[in-house]
Amino acid sequence: MRSGRSIVVKRNMMAIIVIVVIVAATILLTPIALAGAVTVPVSQIAFSENTTGSVSLGGGCYNPDMVVLCNSTTSSMTVYQYYFLTRPGGVVRNTDTNVNSTAGSANITITMFVSTPAGQQVKLGNTTISGGVGNRTEMVYLSVDQGVRASGQYTLTVSIDASIKLAGSTKSSTVAAGFETTFKVP
């Protein structure tokens, strides 16, 4: 009787070990299957927007002549770094540089598209930001999920629509700005 119980315990332990191995293999292989590679390119593009009555662009992607000069960076990282560390932060990350809610309020919608070297256009969706008026810096992260896979030249198109209500004003003003920039994946 003891040997029968021992066999059952050994089988249960073996089943648990097999399940753990299957789960671990799934966790390790899923990112590679999604990306189709062990390493992926990640492009970072920074720009700033200012909502103090109108919307204006600044940062590394803008100069006064409305010529976009974006200093994007592209690096390579493992799929595990991308899927477990970078991707959870989102495509657009916002930093309030100089925002004042007592000066007014702004509702900002950022819409983005990426054009790939193959001519495919990928809509990245909308990002909505609500808060005070002022300056914010946006960092855009693009990789395999956004169509940035192969080497070549890509184009990022950004449009910003904002509804701004300054303190003491009875109505909001709606303003828009946008830019297009190219970046290269080696």
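Residues numbered from 1 in each chain as written. Predicted model: local features only at pLDDT ≥ 70, side-chain atom pairs only at ≥ 80, totals over all residues. Heavy atoms only, no water.

1. Thoughts on the overall build of the chain
Then comes step 1: Helix and strand content of the chain: 2 helices and 7 strands.
Then comes step 2: Traced from its N-terminal end to its C-terminal end, the chain shows the element sequence α-β-β-β-α-β-β-β-β.
Then comes step 3: Across the 186 residues that make up the chain, the buried fraction comes to 33%.
Then comes step 4: Considering only contacts in the chain between residues 6 or more positions apart, those separated by 24 or more positions represent 74%. (Helix = DSSP H or I, 4+ residues; strand = E, 2+ residues; numbered from the N terminus. Buried < 20%, exposed > 50% of the residue type's maximum accessible area, 1.4 Å probe, protein only. Contact = heavy atoms within 4.5 Å.)

2. What to know about the confidence of the model for the chain
Then comes step 1: Confidence in the prediction of the chain, expressed as mean pLDDT, is 84, and 88% of residues score 70 or more.
Then comes step 2: Within the chain, no element has a lower average pLDDT than strand β2 (residues 55-58), which sits at 60, and none a higher one than helix α2 (residues 79-86), at 92.
Then comes step 3: Note that pLDDT drops below 50 for residues 63-69; the model gives that stretch 11 contacts with residues more than four away or on any other chain. (pLDDT = per-residue confidence, 0-100.)

3. Section: the packing of aromatic side chains
Then comes step 1: Across all of its chains, the model carries 4 aromatic pairs by this definition.
Then comes step 2: Between F47 and F179 the ring centres are 5.1 Å apart and the planes differ by 70°, which places this aromatic pair in the edge-to-face class. Here F179 lies in strand β7 (residues 173-185) and F47 lies in strand β1 (residues 39-51), a separation of 132 residues in the sequence.
Then comes step 3: By relative accessible area, F47 is classed as buried at 2%.
Then comes step 4: Considering the side-chain rings of Y80 and F84, the 6.4 Å spacing of their centres and the 10° angle between planes classify their relative orientation as stacked. Of the two residues, Y80 and F84 are both situated in helix α2; the distance of 4 residues between them amounts to about one turn of the helix.
Then comes step 5: Taking the relative accessible area as the measure of exposure, F84 reaches 48% and is therefore partly exposed.
Then comes step 6: When the ring centre of Y141 is taken as origin, the NZ or CZ atom of R93, which lies over that ring, is 4.0 Å away. (Phe/Tyr/Trp six-rings, centres within 6.5 Å; stacked < 30°, edge-to-face > 60°. Lys NZ or Arg CZ within 6 Å of the ring centre and 35° of its normal.)

4. Section: the environment of S143
Then comes step 1: Its place among the elements puts S143 in the loop between β5 (121-142) and β6 (152-166).
Then comes step 2: Those residues in contact with S143, other than ones at most four positions away along the chain, are V40, P41, V42, Y82 and V148.
Then comes step 3: For S143, the side chain forms a polar contact with the main-chain oxygen of P41, separated by 2.6 Å. (Polar contact = N/O pair within 3.5 Å; in protein donor to acceptor, adjacent residues only side chain to side chain.)

5. What about a nonpolar patch on the surface?
Then comes step 1: A contiguous nonpolar patch, built from M14, I17, V18, V21 and I22 and spanning about 470 Å² of accessible area, is present on the exposed surface.
Then comes step 2: As for its position among the elements, I17 is in helix α1 (residues 2-35). (Patch = residues over 30% accessible without salt bridge, like charges linked within 9 Å, V, L, I, M, F, W, Y side chains within 5 Å. Areas by Shrake-Rupley, 256 points an atom, 1.4 Å probe, with all protein chains shown as cover. Salt bridge = Lys/Arg side-chain N within 4 Å of Asp/Glu carboxyl O.)

6. Focus on the pattern of salt bridges
Then comes step 1: Applying the stated criterion across every chain yields a total of 2 salt bridges.
Then comes step 2: Linking D145 and R87 is a salt bridge whose minimum nitrogen-to-oxygen distance equals 2.4 Å. Note that D145 is positioned in the loop between β5 and β6 and R87 in the loop between α2 and β4 (92-115), a separation of 58 residues in sequence.

7. Some points on α2
Then comes step 1: Within α2, the full set of buried residues consists of V79, Y82, Y83 and T86. All buried residues of α2 fall inside an arc of 125° around its axis, so they share one side. (Arc of directions from axis to C-beta.)

8. Brief notes about the nonpolar core
In globular proteins that are soluble, nonpolar side chains generally tend to be buried together.
Then comes step 1: With 25 residues, the main nonpolar core has I110, M112, V140, L142, L156, V158 and F183 as its most contacted residues.
Then comes step 2: Contributing elements (two or more residues each) for this core: β1, β4, β5, β6 and β7.
Then comes step 3: With residues near it in sequence (within four places) discarded, L156 still touches I45, M112, F113, V114, L124, V140, L142, F179, E180, T181 and F183. (Core = buried A, V, L, I, M, F, W, Y, C linked by side-chain atoms within 4.5 Å.)

9. Here we look at the pairing of β6
Then comes step 1: Relative to β6, β4 runs antiparallel, the two being bridged by 12 bridges. Paired with T111 across the bridge in β6 is S159.
Then comes step 2: If you look at the hairpin formed by β6 and β7, you'll find 6 residues sitting between the two strands, and G168 has a positive phi there, around 90°. (Pairing = 2+ DSSP bridges.)

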